[in-house]
Amino acid sequence: MSLSKMTFFERFEADILSCKKTITIRDELEKDYAENSLVQASTYEDDRWFCALLIKSVEAICLSQLSEFHAEQENMTLSELQTVIQEIYPDQQHLYVISYELAR
Ligand SMILES: CC(=O)Nc1cc[nH]c(=O)n1
């Protein structure tokens, strides 16, 4: 059974709603999203729903493969993205890039 809910830190909400952030990078525990499924997005801090997302793809990636392109899709610099990912997932080398569109 694929996951149907995804939480984001509140600080990412505006970027998601304005389509500036179109991917999220997650670990093994949060990778089981089905392509073309609708997922409800809420804030991590207070579980407040803020939009529905259409999952476009889920792709495995190594930490060392994070690129400027991923950073652009996260609306960050590559250095910011590397820092954020290392803070959220310390010592994790194997991650997943989940791309999505805002469901209207
Ligand atoms: C709550 C949480 O882990 N949020 C994340 C993690 C990685 N990327 C992201 O956009 N949001």
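What counts and what doesn't
- Residues numbered from 1 in each chain as written.
- Predicted model: local features only at pLDDT ≥ 70, side-chain atom pairs only at ≥ 80, totals over all residues.
- Heavy atoms only, no water.
- Core = buried A, V, L, I, M, F, W, Y, C linked by side-chain atoms within 4.5 Å.
- Buried < 20%, exposed > 50% of the residue type's maximum accessible area, 1.4 Å probe, protein only.
- Contact = heavy atoms within 4.5 Å.
- Helix = DSSP H or I, 4+ residues; strand = E, 2+ residues; numbered from the N terminus.
- Pairing = 2+ DSSP bridges.
- Phe/Tyr/Trp six-rings, centres within 6.5 Å; stacked < 30°, edge-to-face > 60°.
- Lys NZ or Arg CZ within 6 Å of the ring centre and 35° of its normal.

Trainee: Just checking my understanding: could you explain the nonpolar core for this structure?
Mentor: Among soluble globular proteins, nonpolar side chains are generally buried collectively. By size, the foremost hydrophobic cluster in this structure holds 28 residues, and its most contacted members are Met 6, Phe 8, Ile 16, Ile 25, Leu 53, Leu 66 and Ile 85. Excluding residues that lie within four positions of it along the chain, Ile 25 makes contacts with Leu 66, Glu 74, Leu 81, Ile 85, Tyr 89, Leu 95, Tyr 96 and Val 97.

Trainee: It is not clear to me how unusual backbone geometry should be interpreted in this structure. Could you clarify?
Mentor: At Asn 75, a residue that is not glycine, the phi angle is positive and equals roughly 60°. Looking at the element boundaries, Asn 75 is found in the loop between helix H2 (68-73) and helix H3 (78-88). For Asn 75, a relative accessible area of 39% corresponds to the partly exposed category. Its identity as a non-glycine residue notwithstanding, Asp 91 has a phi of 65°, on the positive side. Position of Asp 91 relative to the elements: it lies in the loop between H3 and strand S5 (94-102). Exposure remark for Asp 91: the relative accessible area of 76% places this residue in the exposed category.

Trainee: How should the pairing of strand S3 (residues 38-43) be read in this particular structure?
Mentor: In the case of a regular strand, side chains alternate between the two sheet surfaces. Note: strand S1 (residues 5-8) against S3, 4 bridges, orientation parallel. Note on S3: the bridge partner recorded for Thr 7 is Ser 42. Across 5 bridges, S3 lies against strand S4 (residues 49-62) in antiparallel orientation. Within S4, the residue paired with Ala 41 across the bridge is Cys 51. Hairpin connection of S3 to S4: 5 residues between the antiparallel strands, including Asp 47 at a positive phi of 55°.

Trainee: Any chance you could explain the packing of aromatic side chains here in plain terms?
Mentor: Two descriptors summarise a pair of aromatic rings, namely the distance from one centre to the other and the angle between the planes of the rings. Tallied over the full model, the rule gives 4 aromatic pairs. With 6.3 Å between their ring centres and 65° between their planes, Phe 9 and Phe 12 make a pair best called edge-to-face. Note on Phe 9: relative accessible area 23%, which makes it partly exposed. Through a chain of ring-to-ring contacts, three or more aromatic side chains come together here, namely Phe 8, Phe 50 and Tyr 100. The ring of Phe 8 carries Arg 26 above its face, with NZ or CZ at 4.9 Å from the centroid. Over the ring of Tyr 96 we find Lys 31; its NZ or CZ atom is 5.7 Å from the centre of that ring.

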